[in-house]
Amino acid sequence: TVLDSDMRRALAKKELVLHYQPQVNLASGRIVGAEALVRWRKDNGDLVSPADFLPQAEESGLIVPISEWVLNEACREAASWTRDGLPPLRVAVNLSAIQFRKQNVEQVVLAALAASGLESGRLELELTESILLHDTERVVHSLRALQAHGVTFSIDDFGTGYSSLSYVRNFPVNRLKIDRSFIHNLREDGNDVAIVRAIVNLGHSLNLDVIAEGVETAAQVGHLRAEGCDEVQGFYFGRPMPAADFIDLVRREA
Ligand code: G
Ligand code: G
Ligand code: NA
Ligand code: MN
């Protein structure tokens, strides 16, 4: 398709960029990491959302080289932040199910760490249900191998899947990311209050950290703090932003 050849060109011409969204620890109030989110910056300056090109990239398989670029770029940039005097922030990278099908994820991740010099404990990989749904044994094997190197894993969009609880049981993960749909109406909707409490308690009783995504208001922050949620991410603390802006934000809070 036209989109495919455009994307191939985008990769070759280095039109992809990463934006970073801060992740804040609620106890310290400090930025402890960032989620890397890909954007396509076209010739004409337009910024295309991943929602508008990743589905087709998954269809065509181009998601594999795109994801590999994202992983290498995120590791490279995060490693450069510490050289620039920033604290050793965590960087979270989204993985796609297709990667697990088409490549040796373990090798690709270890190669990105080696090439960048990023300390492995600073890399977190975000897993979605589409990864956890299939080929469980092979995925578990890759995750365990990487975990042995210090890489951590989170379950993205937690609570929205068909079998979220079995993922927690079957996969070696370190963190639950409460899906933003539960955060959106947190104050008014009694069910969401109960669900957030249940996820925080589940996580903590299994020794997992819990982060809420889609946090947009001070009231939501207060609520999540009261519930004992460990970390937050959302527009309230910062939209996904270019690396230079993220670095400035971290510097300003230091
Ligand atoms: O950043 P944003 O709002 O536009 O992201 C839209 C969707 O694209 C989200 O579901 C996000 O997880 C996904 N996404 C963003 N960057 C990446 C990436 O590098 N790899 C994968 N697999 N998904 C991504
Ligand atoms: O979970 P996923 O990786 O799909 O989430 C990343 C997406 O969520 C990005 O598109 C990002 O722009 C979006 N996002 C981040 N923070 C917020 C927020 O506070 N509110 C809403 N509505 N979307 C957010
Ligand atoms: Na994500
Ligand atoms: Mn998410």
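Residues numbered from 1 in each chain as written. Chains lettered and ligands numbered in written order. Predicted model: local features only at pLDDT ≥ 70, side-chain atom pairs only at ≥ 80, totals over all residues. Heavy atoms only, no water.

Trainee: How would you explain the packing of aromatic side chains if you had to name every residue and give the values?
Mentor: Throughout the structure, instances matching the rule amount to 6 aromatic pairs. Taken together, the ring pairs in this structure connect Tyr 20, Trp 81 and Phe 246 into an aromatic cluster. When the ring centre of Trp 40 is taken as reference, the NZ or CZ atom of Lys 42 above it lies at 4.8 Å. In this structure, Arg 239 packs its charged tip against the face of Phe 235, placed 3.9 Å from the ring centre. (Phe/Tyr/Trp six-rings, centres within 6.5 Å; stacked < 30°, edge-to-face > 60°. Lys NZ or Arg CZ within 6 Å of the ring centre and 35° of its normal.)

Trainee: Got a sec to walk through the coordination of the sodium ion (ligand 3)? Specific residues and values, please.
Mentor: For the sodium ion (ligand 3), the protein coordination sphere consists of Glu 35 (OE), Asn 94 (OD1), Glu 126 (OE) and Asp 156 (OD), at 2.2 to 2.4 Å. For the sodium ion (ligand 3), the single-chain donor residues occur in sequence as E-x58-N-x31-E-x29-D. A gap of 3.9 Å separates the sodium ion (ligand 3) and the manganese ion (ligand 4), which Asp 156 links by coordinating each metal. With a gap of 32 residues between them, Asn 94 in strand 4 (residues 90-94) and Glu 126 in strand 5 (residues 123-127) connect regions that are remote in the sequence. Judged by relative accessible area, Glu 126 falls into the buried class, the value being 1%. (Donors = N, O, S within 2.8 Å, 3.2 Å for Na, K, Ca; no water. Helix = DSSP H or I, 4+ residues; strand = E, 2+ residues; numbered from the N terminus. Buried < 20%, exposed > 50% of the residue type's maximum accessible area, 1.4 Å probe, protein only.)

Trainee: With reference to specific residues and values, describe the layout of surface pockets.
Mentor: What the largest pocket holds in volume is close to 960 Å³. Lining the largest pocket are 33 residues, with Glu 35, Leu 37, Pro 50, Asn 94 and Asp 156 sitting closest to its centre. Mapped by element, the contributors of at least two residues to the lining of the largest pocket are strand 2 (31-41), helix 2 (54-60), helix 3 (63-83) and strand 6 (152-158). In terms of residues, the lining of the largest pocket owes the most to one element, strand 2, which gives 5 residues. (1 Å grid on protein atoms, 1.4 Å probe; cavity = no way out; pocket = protein on both sides within 12 Å on 5 of 7 lines; lining within 4 Å. Points joined across faces, edges and corners; volume = space filled by probe spheres on them.)

Trainee: Explain the coordination of the manganese ion (ligand 4) to me, and be specific about the residues and the numbers.
Mentor: Bound to the manganese ion (ligand 4) are the protein donor atoms Asp 156 (OD), Asp 157 (OD), Glu 213 (OE) and Glu 213 (OE), situated 2.0 to 2.5 Å from the metal. Ordering the donors of the manganese ion (ligand 4) by residue number gives the pattern D-D-x55-E. Look at Asp 156 and you get buried, because its relative accessible area is 10%. Its relative accessible area of 27% is what places Asp 157 among the partly exposed residues.

Trainee: An account of the site of ligand 2 is requested, with residue identities and associated values reported.
Mentor: The full set close to ligand 2 counts 14 residues, and Gln 21, Glu 35, Arg 180, Glu 216 and Phe 235 are the nearest of them. Taking Glu 35, its side chain carries an N or O atom lying 3.1 Å from an oxygen atom of ligand 2. Phe 235 places a main-chain nitrogen or oxygen 2.8 Å from an oxygen atom of ligand 2. Bound to the protein, ligand 2 loses 74% of the 520 Å² it would expose on its own. Put simply, ligand 2 lies in the largest pocket. At the level of secondary structure, the elements contributing two or more residues to the shell around ligand 2 comprise strand 2 and strand 6. (Near = heavy atom within 4 Å. Polar contact = N/O pair within 3.5 Å; in protein donor to acceptor, adjacent residues only side chain to side chain. Areas by Shrake-Rupley, 256 points an atom, 1.4 Å probe, with all protein chains shown as cover. Sits in = over half its atoms within 2 Å of the grid points.)

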